[in-house]
Amino acid sequence: MKPMSSEGPDKEPEPDKEAVSRFVERFASEMTEAGMQRMASRVFAALLASETASMTSAELAEQLRISPAAVSGAIRYLSQVNMVSRERDPGSRRDRYVLHNELWYETFTRRDQVLSRWEKVLRDGAEMLGPDTPAGARAAETAEFFEFLQKELQQLMERWKEHRAALGRPV
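Residues numbered from 1 in each chain as written. Predicted model: local features only at pLDDT ≥ 70, side-chain atom pairs only at ≥ 80, totals over all residues. Heavy atoms only, no water.

Student: I would appreciate a short explanation of a nonpolar patch on the surface in the present structure.
Tutor: A grouping of Phe145, Phe148 and Leu149 is seen on the molecular surface, where their side chains present a nonpolar patch of about 290 Å² in accessible area. Tracing the backbone shows Phe148 in helix α6 (residues 134-166). (Patch = residues over 30% accessible without salt bridge, like charges linked within 9 Å, V, L, I, M, F, W, Y side chains within 5 Å. Areas by Shrake-Rupley, 256 points an atom, 1.4 Å probe, with all protein chains shown as cover. Salt bridge = Lys/Arg side-chain N within 4 Å of Asp/Glu carboxyl O. Helix = DSSP H or I, 4+ residues; strand = E, 2+ residues; numbered from the N terminus.)

Spelled out as structure tokens, the structure:
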């Protein structure tokens, strides 16, 4: 059972801190297994699990029990891959780190751009290696796979927009 807010029974219950911590570590572990940096995974998961999708460096360090330097490195990585942005608290000198809206949509859209570049390089490579050689044929087939994947990804993103609209959420 979740504990009630200290502000009274009218308020939403506060999330169980231990349950939040378990979720953060579990999701971070999955992201790390998929290839993301460990500390960046933990910081991202903490932001995702926060009520406002934003936290200060001090809040992240306290929740995750890590150093400010570890937070800084993770934020730098997450900023470079456009998963978080930095905002200034009004009237404060403290930065607040915020998850981007439409994070996953943007991530997959950028992935499409990467696939397009890879496809081009692979097509060039297939020509350079010789279309009739085993290496050239592998490069050409891989390029065809990325072309197929891009088309499917575009259709999937369109269906996602339609799905969100049907749920009454902004696209």
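Student: What's the story with the packing of aromatic side chains in this structure? I'm lost.
Tutor: Any pair of aromatic rings gets described here by the distance separating the centres and the angle formed by the planes. Considering all chains together, one arrives at four aromatic pairs under this definition. Ring centres of Phe23 and Phe27 lie 5.9 Å apart, and the angle between their planes is 5°; this geometry places the pair in the stacked category. A residue pair is termed a helical-turn pair when its members lie 3 or 4 positions apart in one helix, as Phe23 and Phe27 do in helix α1 (residues 17-33) at four residues. On the basis of relative accessibility, which here comes to 39%, the residue Phe23 falls in the partly exposed class. (Phe/Tyr/Trp six-rings, centres within 6.5 Å; stacked < 30°, edge-to-face > 60°. Buried < 20%, exposed > 50% of the residue type's maximum accessible area, 1.4 Å probe, protein only.)

Student: How should I be thinking about the packing of helix α2 (residues 38-49) against helix α4 (residues 68-80) in this particular structure?
Tutor: When two helices pack together, their arrangement is given by the angle between the helix axes and by the axis-to-axis distance. Two elements in contact, α2 and α4, have axes whose closest approach is 8 Å; the angle formed by their N-to-C orientations is 85°. What the angle tells us is that α2 and α4 run roughly perpendicular. Across the interface between the two elements, Met39, Ala40, Val43 and Phe44 from α2 touch Ala70, Ala74, Ile75, Tyr77 and Leu78 from α4. Within the contact of α2 with α4, the residues separate by chemical class into nine nonpolar, no polar and no charged. (Axes fitted to C-alpha atoms, helices over the stretch in contact; angles between N-to-C directions. Parallel < 35°, antiparallel > 145°, perpendicular 65-115°, else oblique. Contact = heavy atoms within 4.5 Å. Nonpolar A, V, L, I, M, F, W, Y, C, P; charged D, E, K, R; others polar.)

Student: Help me understand the side chain of Ser41, please; the structure alone is not making it clear to me.
Tutor: Relative to the helices and strands, Ser41 is located in helix α2. Residue classification places Ser41 among the buried residues on the basis of a relative accessible area of 0%. The contacts of Ser41, once residues within four sequence positions are left out, are Ala28, Met31, Thr32 and Met36.

Student: Which parts of the structure should I look at to understand the nonpolar core?
Tutor: Across soluble globular proteins, nonpolar side chains show a tendency to be buried alongside one another. Val43, Leu47, Leu60 and Leu78 are the most contacted members of the largest nonpolar core, which has 24 residues in total. Among the secondary structure elements, those contributing two or more residues to this core are α1, α2, α3 (57-64), α4 and β3 (95-99). No other element matches α2, which puts six residues into this core. When residues no more than four places from it in sequence are discounted, the contact partners of Val43 are Leu60, Leu64, Ile66, Ala74, Ile75 and Leu78. (Core = buried A, V, L, I, M, F, W, Y, C linked by side-chain atoms within 4.5 Å.)

Student: Quick question: what am I supposed to make of the sheet that holds strand β2 (residues 84-88) here?
Tutor: Adjacent strands of a sheet form backbone hydrogen bonds with each other and so pair up, either parallel or antiparallel. Spatially, the three strands line up as an open sheet ordered β1-β3-β2, and their pairing is antiparallel. Two strands bound the open sheet, and with one partner strand each, they are β1 (54-56) and β2. Geometrically, the sheet is characterised by an average inter-axis angle of 30° between neighbouring strands, direction not taken into account. Summarising the sheet, β2 and β3 pair through five bridges and their orientation is antiparallel. Pairing of Arg86 across the sheet is with Tyr97, part of β3. Those strands touched by α2 are β1, β2 and β3, and its axis lies near 85° from that of β3. (Pairing = 2+ DSSP bridges.)

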